[in-house]
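What follows is the residue order along each chain.
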Amino acid sequence: MTVTGGRFTATGDVVLSVRNLHVTFPSEAGLVKAVRGLSFDLRAGETMAIVGESGSGKSVTSLAIMGLHPRAARISGSITLHGRELVGLSDAQMSSIRGEDLAMIFQDPLSALTPVYTIGDQIVEAIQTHHDVSRAAAWKRAVELLDLVGIPNPQLRVKSFPHEFSGGMRQRAMIAQAIANDPDVIIADEPTTALDVTIQAQVLDVLKTAQVETGAAVILITHDLGVVAGMSDRVTVMYAGRPVEQGSVDDIFYRPRMPYTIGLLGAVPRLDATGSEPLATLQGNPPSVVDLPPGCPFSPRCPLAHAGCRTTEPDLAGVGPDHVAACWESDRITREHLTSADIFPVESAGDVPPPDTTPRTERETVLSLENLSRHYPLMKGAVLRRRVGTVYAVDGIDLDLRRGETLGLVGESGCGKSTTLLEILNLHAPTDGRIVVFGKDTSTLGRREKKTMRRDLQVVFQDPMASLDPRMPIFDIIAEPLGVHGWSKGRTETRVMDLLRTVGLEPGHANRYPQHFSGGQRQRIGIARALALEPELIVLDEPVSALDVSIQAGVINLLEDLKKRLRLSYLFVAHDLAVIRHIADRVAVMYLGKIVEVGDIDEVYSRPSHPYTQALLSAIPIPDPTTERSRTRILLHGDLPSPANPPSGCTFRTRCPIFEGLDPEQRTPCLAAMPPLEVAPDGAPVTLAQALDPAEARPGGEDRPVGRDTPTDHLVACYYARPVKVL
Amino acid sequence: MSVDFRTNEEPEALGGFAQPAAPTSHRLTRGQLVRRRFFRNRGAVIGLVVIGLLVLLALFGSYLLPWQYDQRDLGQYYKPPSGRHLFGTTQAGFDVLARTVRGLGKSLVIGFMVAVIQTTLAALIGSSAAYIGGWYEKAWLWVIDLMLVLPSFFLIAVVSQGGPKGTYAWLLLVVLLAAFGWQLSARVVRSLSMSVKEREYVAAARFMGLSTPRLLVRHIVPNIASMLIVDVCLGVGYAILGEAGLSYFGYGVQAPDTSLGTLIAEGAQSTTIAPWIFLAPAGVLVLLVMSVNALGDGLRDALDPSSMSGGQA
Amino acid sequence: MVRYLLLRVANYAVLLFIAVSLAWVLAQTQLHPRQLFEVRTPPLDPRSIENILRAANVSDQVPLWDRYVTWLRGVFLHWDWGTSPGGGAVGDEIGRRIWVSFRLVTIGWLLGTVLGVALGAWSAVRQYRISDRVVTAIVLILVATPSYVTGEVTKMVATAVNKQVGFQLFLFLGEKSTGTLPGYPLAGLVDRVQHMVLPTLVLTLLGLAGLQRLQRSLMLDALGSDFVRTARAKGLRENRAVMKHALRTALIPTGTYFAFQAATLFVGATYTERIFAFQGMGIYGVDTIATQNINGIVAVTAFGGLCYLVGAILADLMVAFLDPRVRLS
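Residues numbered from 1 in each chain as written. Chains lettered and ligands numbered in written order. Predicted model: local features only at pLDDT ≥ 70, side-chain atom pairs only at ≥ 80, totals over all residues. Heavy atoms only, no water.

Regarding the overall build of chain A
Here is step 1: When helices and strands are counted, chain A shows 26 helices and 26 strands.
Here is step 2: The C-alpha radius of gyration of chain A comes to 27 Å, within 12% of the 27 Å expected for a compact globule of 727 residues.
Here is step 3: Here the C-alpha coordinates of chain A stretch approximately 75 × 70 × 60 Å along the principal axes.
Here is step 4: By residue count, 58% of the 727 residues in chain A fall in the buried class.
Here is step 5: Sequence separation of 24 or more characterises 71% of the internal contacts of chain A that already satisfy a separation of 6 or more. (Helix = DSSP H or I, 4+ residues; strand = E, 2+ residues; numbered from the N terminus. Rg over C-alpha atoms; globule rule 2.2 N^0.38 Å. Buried < 20%, exposed > 50% of the residue type's maximum accessible area, 1.4 Å probe, protein only. Contact = heavy atoms within 4.5 Å.)

Below is the structure:
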């Protein structure tokens, strides 16, 4: 199924109008000024995105509009819906508006649905709260709504409980519930943040359908600029509780006039960008909204800031038709056409040795996985536990990583990428196959050899808060691996100070605890700890996915810089294909415990040959409105099957868009066995439309051409593999 | 009722909002935050003060009070509270206040000893079960189930009835109360340790090559410490009530020792003619247990950042 | 589910058997019924003492293992739990007393549960308001007050009231009056009610205090959860969102607790039985120890353990009934 990325054009009247909204509430640390002076008009059928990082006030805004802010919060300003003032209404009055005219979709679909009622009951409740209809009629409507949002077998699934639904299905049910009463405004607060990319594409598609169906105006709250580019007509950028730039989506993406917006756009790694110029790095962290200093809140991080910025906060001022920005320097930015590269100079990387030009095949292999498998028994029963099945978490993968190389391992949650990583780190014998690190099989290692190997093999985890013991000062944290390997006190001290400088932290902060640092700084501490013993191979488990965009860029740049300077090898596990494109030399795509495509990064991204890789690449939104509007998407059906019960034959066939178009005879090989990883076919990439045309499908097999211009290390596991131009 | 003792949270700068806290320029240390949360809880602070006063009274009461616990005021039998005897006198002319203070001392000693012993047991058994796992863990879980099935009150009474008598008999009581008091805490410690074990910084330490004992001491024990502090505190209340309950039937502290429980049992004989003999130790018991509970609750709320009850700004 | 339950029951049977055996060993080694007879006046001759003890299978001159085998035979082959040193059959005594306990405890337990849940939920919704603080403070006192103190104080107050009104409004000795009742209709019922009011009050307060705390904290968790916010976003008024979504979810653990307690009703309320002179199970346990009744205390322990385990199974069933997440997995 393909969907063209079109948008609903806004021509309606103003439905929701917010004027000078302020939200303040007390907290442990003092008075939180969560929102400071937000104004906008929202027209019927229009989508406005509110973009900002954590603490920018975007979610508080949505709760304030819904009247669901905490009791202690004080709200001033005006919120009018169809001209009716909402600020100051009683709970009874607001309740008649909520769910009827104003609907909301929350971020985490698991906790947002009541666990003890069926999906149907919850939708029926939404209808019956506002309309005097019979239960049977409301129930019928619930089934229709579930059908509309694309839940298969709605008559049956309407009786399911939330925990029986997958994340994507729950979010669909949430949307069904939100549009049950044909609302005029739908507020979607990070509706896809908790979901995988292919599921995100499905849900965003449903959200568009829902908007067309209801003609509602949508407020889309998100931190993902790609989603903004694809979904919205207008954008409000918020920083420290304040709108800093507002305009049409094209204005914001192509003519940003506020340095924060410019930096944010420059900091996002892009799926469609070749090469690896460093990303724009915003120094420092977003400020606390408690006790804000005077002046522009962005001034401490802004290279253009001058004395005036630090004393007086600029108001929003027109910089173009329907385009406002809050910056004293916006005139200069317009005049001099300043871009992120001009405003945010790249961190000086120090002395970088010349790049290693040895061909890949001649470099030393630091890690190789041979037919690696990890199966877990699936246990049941509390008293007498018994084995009822097997989870094929990792099921026979081959990979190799050469010195100085970054291998990206990508896939959706549950594909086995983290298990692979843990298998390597555990240094135990896997269920099947071999793990060879620095030429040594890990299953044969003695205690002492393991310890030596751990010195050269280090890890950086996803959540920088969870991976640092909150009870230790960061000096002790970074020194811990040195202690294990018996470094003397004096040497340890010098080494830790060096490391802090290397990762861009103040050595004077060595005695502080992890909670005194921001997310990005904590991840730098984690990296310093990994570097302490001068390892050769670092495995990174989603090292930047928990960080805000402006922080993430700095960490990515640091990792790239370290790799070049220290000649490290990285095994980089991530779900974000844009980050992988930016940092990796090679990429392996995993699906249900198997590798379906692997190869050089530019080769795989420009000529993806497996339908899953193609779907993944097409599902990722690109922060460029024009590109997004013209893109064609492959939407995969359904969810990832359980690794305890993988489909027979090719494990991807249940969701495969090519398989779907094949006639029964053509399907035979796919049903028979998992296709082996073979050299990807040659030839010019075809378009997506061609790729999905069953008439064009031809099995590869023995007559698959091995061309001269196709590198032989681009491998793909599909009988109908062919390169497709997705980007 | 299990409580989530998450320990690695940052200050909740945004109050009740489901949004991560904004990085604050002047961050509070964990200690400062805990102290602030604790001292805002009036009940807990009062509890702490009351416990302090009661402990001082038990320690130095005999020097401060006009009457000794074993001193008869001849002719003053069954006298109601007065200036001479603040809490009245008993049938034999003993000062009720002096005897209450004497009983309070024994109750406090028993309470603290039992609480410390049972929490230590719970910590050792719970954390080792979680860390070692396998048959060791299964065996302990089974022992815990077994001990919970047995009605501990009767078994303690049986042993107390048949056990040795004399000056140190109350030590046996301490052992028995602790032996039947650690099981539920051990379960909590175990599940807490399991979750700590799953944390990434423990995994990180393991991948660094840290040995198991060092891992336990450096990363696991400190993270369950706050739960243990609360457990000791609530355990004091449990033990004091347990001892008093046994004493009420004569299976607790044996004469010549007295505890709040024995005094209550004694006073209950004459509630119609001399209610003060009963009310004085009963009142002190309730006050003491209330204070310990309030202190424990306050500590838990202060140490557990996810607790709603501590979060009123 | 059935298979799971059967396994569970089998495991519990083993657990109970070992637990009771341990209790038996403890009672046999720690209690000394011989002392009872040795201090009799006029003194009994040692031979007849030995005969009495052997008849009850509690003689310390018989090897412990032999006594154990005899006891097991009695229990498993004849369902005979032995006799007290005085000669009465332990089984009969227990059969009579569990119903006394049941009659004493049931009403107080139900009232305590209902009031505790209601007060807990109510004060959670009103967190930090005066009403919440008052309820919470009272509950804090109640939780710290053991039932014998509550019982004695209740008795003292009732005595004063009786004195004030000039007749015995509250009665507090046993289940019902002995001797002849006054001639008015339903005199028997009125008499029983007069006896029941005070112990029921004590038990209600006891149950209420614990449940209020549990329910309040569960309810606070539920109130802060996302799904309550979703319900509000649908347009449900605060009260309705709280009752239908928060309370329903917060009742799952309470339901478990309730089911568990249902089985323990028969074990009795030892202190309340003593204070109000009910001849129930709880006080029987205490008395058996005082009278060196080895077979009696073992039977009480076994019965208590059985109730605990039945309670645990009921609690499991209750969770499955209340929580679809458990039911369907």
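Observations concerning the state of the cysteines
Residue and element names in this part refer to chain A.
Here is step 1: Applying the stated criterion to the full structure yields zero disulfides over all chains.
Here is step 2: No disulfide involves Cys296; its sulfur sits 6.2 Å from that of Cys309, the nearest cysteine.
Here is step 3: Cysteine Cys415 is unpaired, with the sulfur of Cys650 as its nearest cysteine sulfur at 15 Å.
Here is step 4: Judged by relative accessible area, which is 1%, Cys415 ranks as buried. (Disulfide = S-S within 2.5 Å.)

Looking at the environment of Leu205 of chain C
Residues and elements named next belong to chain C.
Here is step 1: Assignment of secondary structure puts Leu205 in helix 8 (residues 187-223).
Here is step 2: The exposure class assigned to Leu205 is partly exposed, which follows from its relative accessible area of 26%.
Here is step 3: For Leu205, the contacting residues outside a window of four places in its chain are Leu142 and Thr150.

A short note on the confidence of the model for chain B
Residues and elements named next belong to chain B.
Here is step 1: Summarising the model, chain B shows a mean pLDDT of 80, and 87% of its residues fall at 70 or more.
Here is step 2: pLDDT under 50 marks residues 1-27. Its contacts with residues more than four places away, or in other chains, come to 75 contacts.
Here is step 3: Scored as a whole, the predicted complex attains pTM 0.83, and scored at its interfaces, ipTM 0.85. (pLDDT = per-residue confidence, 0-100.)

Considering the environment of Leu184 of chain B
Here is step 1: Along the chain, Leu184 of chain B turns up in helix 7 (residues 183-198).
Here is step 2: On the basis of relative accessible area, Leu184 of chain B is assigned to the exposed category, the value being 54%.

Here we look at a nonpolar patch on the surface
All names here are of chain B.
Here is step 1: A cluster of nonpolar side chains, namely Val49, Leu53, Leu56, Leu59, Phe60, Tyr63 and Leu64, defines an oily patch on the protein surface of about 790 Å² accessible area.
Here is step 2: With respect to the helices and strands, Leu64 occurs in helix 2 (residues 42-64).
Here is step 3: Leu64 gets classed as exposed once you look at its relative accessible area, which sits at 62%. (Patch = residues over 30% accessible without salt bridge, like charges linked within 9 Å, V, L, I, M, F, W, Y side chains within 5 Å. Areas by Shrake-Rupley, 256 points an atom, 1.4 Å probe, with all protein chains shown as cover. Salt bridge = Lys/Arg side-chain N within 4 Å of Asp/Glu carboxyl O.)

Examining the sheet that holds strand 25 (residues 678-679) of chain A
Residues and elements named next belong to chain A.
Here is step 1: As summarised here, the arrangement of the eight strands in space is 19-20-21-16-22-23-26-25, forming an open sheet in which the pairing is mixed. The open sheet has two edge strands with one neighbour each: strand 19 (457-460) and strand 25.
Here is step 2: Pairing of strand 16 (residues 406-410) with strand 22 (residues 586-591) involves four bridges; the strand directions are parallel. Across the sheet, the residue bridging to Leu409 is Ala588, located in strand 22.
Here is step 3: Relative to strand 19, helix 15 (residues 447-456) is tilted by about 55 degrees, and along the sheet it contacts strand 19 and strand 20 (537-541).
Here is step 4: The sheet strands contacting helix 19 (residues 549-566) are strand 16, strand 20 and strand 21 (569-574), and the helix crosses strand 21 at an angle near 155 degrees. (Pairing = 2+ DSSP bridges. Axes fitted to C-alpha atoms, helices over the stretch in contact; angles between N-to-C directions.)

Comments concerning the confidence of the model for chain A
Low pLDDT marks regions whose predicted coordinates should not be analysed in detail.
Here is step 1: Summing up the model confidence of chain A, the mean pLDDT is 86 and the portion of residues at 70 or higher is 94%.
Here is step 2: Taken together, the stretch residues 1-10 of chain A has pLDDT below 50 and engages in 30 contacts with residues farther than four places along the chain or on a different chain.

What about the nonpolar core?
When a protein is soluble and globular, its nonpolar side chains tend to lie buried together.
Here is step 1: Counting residues in hydrophobic clusters, the biggest one holds 197 residues, and the most contacted among them are Leu16 and Ile219 of chain A.
Here is step 2: Not counting residues within four places of it along the chain, the set of residues in contact with Leu16 of chain A comprises Phe40, Asp41, Leu42, Ile65, Ile79, Thr80, Leu81, Val185 and Ile219 of chain A.
Here is step 3: The next biggest cluster of nonpolar side chains, apart from the first, holds 120 residues, and it includes Leu54, Ile240 and Leu288 of chain B together with Ala144 of chain C. (Core = buried A, V, L, I, M, F, W, Y, C linked by side-chain atoms within 4.5 Å.)

Describing the domain arrangement of chain A
All names here are of chain A.
Here is step 1: Assigned domains of chain A: these are domain 1 (2-232), domain 2 (259-343), domain 3 (360-376 + 396-584) and domain 4 (594-716).
Here is step 2: Opposite the five residues of domain 2 that make contact, domain 4 presents seven residues.
Here is step 3: Taken together, the two surfaces of domain 2 and domain 4 that pack against each other cover about 560 Å², and 70% of this comes from carbon and sulfur.
Here is step 4: Counting every contact that joins domain 2 to domain 4 gives one salt bridge. (Domains from an automatic or database assignment. Buried area = accessible area lost by both parts, 1.4 Å probe.)

So, the interface of chain C and chain B
Here is step 1: Taken together, the contact between chain C and chain B spans 50 residues of the former and 45 residues of the latter.
Here is step 2: With both chains or domains summed, chain C and chain B bury close to 4000 Å², and 74% of this area falls on carbon and sulfur atoms.
Here is step 3: There are one salt bridge connecting chain C and chain B.
Here is step 4: Residues Arg213 of chain C and Asp297 of chain B are paired through a salt bridge, measuring 3.1 Å at the closest nitrogen-oxygen approach.
Here is step 5: The interface formed by chain C and chain B holds six residue pairs in polar contact (both at pLDDT 80 or more) in total.
Here is step 6: At the level of elements, helix 1 (2-30), helix 6 (130-144), helix 7 (147-165), helix 8, helix 11 (270-275), helix 12 (281-290) and helix 13 (294-322) of chain C are the ones that each hand at least two residues to the side of chain C that touches chain B.
Here is step 7: Among the elements that make up the side of chain C that touches chain B, the one with the highest residue count is helix 1 of chain C (eleven residues). (Polar contact = N/O pair within 3.5 Å; in protein donor to acceptor, adjacent residues only side chain to side chain.)

Here we look at the sheet that holds strand 6 (residues 84-85) of chain A
All names here are of chain A.
Here is step 1: Across the sheet, four strands lie side by side as 3-2-5-6; this open sheet has antiparallel pairing. A single partner strand is all that each edge strand has here, and the edge strands are strand 3 (31-43) and strand 6.
Here is step 2: Relative to strand 6, strand 5 (residues 74-81) runs antiparallel, the two sharing two bridges. By the bridge assignment for strand 6, Leu81 is matched with Arg84.
Here is step 3: Packed on one face of the sheet, helix 1 (residues 58-66) meets strand 2 (14-26), strand 3 and strand 5 and runs near 115 degrees to strand 2.

What to know about helix 6 of chain C
Given 3.6 residues per helical turn, the α-helix brings residues three or four places apart onto the same face.
Here is step 1: For helix 6 of chain C, which comprises 15 residues, the first-to-last C-alpha distance of 21 Å matches the rise-based estimate of 21 Å (1.5 Å per residue) to within 8%.
Here is step 2: Within the span of helix 6 of chain C, buried status applies to Ser131, Asp132, Val135, Val139, Leu140, Leu142 and Ala144 of chain C.
Here is step 3: Residues of helix 6 of chain C that are buried in the fold lie against helix 9 (212-248) and helix 11 (275-303) of chain B together with helix 5 (90-125) and helix 8 of chain C. (Expected span 1.5 Å × (residues − 1).)

Looking at the packing of aromatic side chains
Residue and element names in this part refer to chain C.
Here is step 1: A complete count under the given rule lists 27 aromatic pairs over all chains for this structure.
Here is step 2: An angle of 25 degrees between the planes, with centres 6.0 Å apart, marks the rings of Tyr68 and Trp71 as stacked. You can see Tyr68 and its partner Trp71 sitting in helix 4 (residues 64-78), three residues apart, about one turn around the helix. As far as the burial class goes, Tyr68 and Trp71 line up, both buried. (Phe/Tyr/Trp six-rings, centres within 6.5 Å; stacked < 30°, edge-to-face > 60°.)

Remarks on the pairing of strand 12 (residues 317-320) of chain A
Residues and elements named next belong to chain A.
Here is step 1: Pairing of strand 12 with strand 13 (residues 323-325) involves three bridges; the strand directions are antiparallel. In the strand pairing of strand 13, Gly320 is matched with His323.
Here is step 2: Between strand 12 and strand 13, which pair antiparallel and follow one another directly, the connecting turn spans two residues, one of which, Asp322, has a positive phi of 55 degrees.

Some words on the pairing of strand 7 (residues 102-105) of chain A
Residues and elements named next belong to chain A.
Here is step 1: The side-chain alternation of strand 7 yields two buried faces, one formed by Leu102 and Met104 and the other by Ala103 and Ile105.
Here is step 2: Of the strand pairs in this sheet, strand 7 and strand 8 (residues 185-189) are connected by four bridges, and their pairing is parallel. Among the inter-strand pairings, Ala103 is bridged to a residue of strand 8, identified as Ile186.

What to know about the side chain of Asp441 of chain A
All names here are of chain A.
Here is step 1: Residue placement: Asp441 occurs in strand 18 (residues 440-441).
Here is step 2: Of the polar contacts made by the side chain of Asp441, one reaches the side chain of Arg434; its length is 3.2 Å.
Here is step 3: Polar contacts involving the side chain of Asp441 include one to the side chain of Ser443, which spans 2.9 Å.
Here is step 4: Contacts of Asp441, omitting those with residues within four sequence positions, involve Arg434, Ile435 and Val436.

Structural notes on helix 10 (residues 260-268) of chain B
Here is step 1: Counting buried positions over the nine residues of helix 10 of chain B gives eight, a clear majority of the element.
Here is step 2: Along helix 10 of chain B, the residues classified as buried are Leu260, Gly261, Thr262, Leu263, Ile264, Ala265, Gly267 and Ala268 of chain B.

Quick word on unusual backbone geometry
Residues and elements named next belong to chain A.
Here is step 1: Located in the positive-phi region is His337, a residue other than glycine, with phi close to 50 degrees.
Here is step 2: On the secondary structure map, His337 appears in the loop between helix 12 (330-336) and helix 13 (340-343).
Here is step 3: Classification of His337 by relative accessible area gives exposed; the value is 62%.
Here is step 4: The phi torsion at Arg567 lies on the positive side, around 50 degrees, for a residue other than glycine.
Here is step 5: Within the fold, Arg567 resides in the loop between helix 19 and strand 21.
Here is step 6: On the basis of relative accessibility, which here comes to 39%, the residue Arg567 falls in the partly exposed class.

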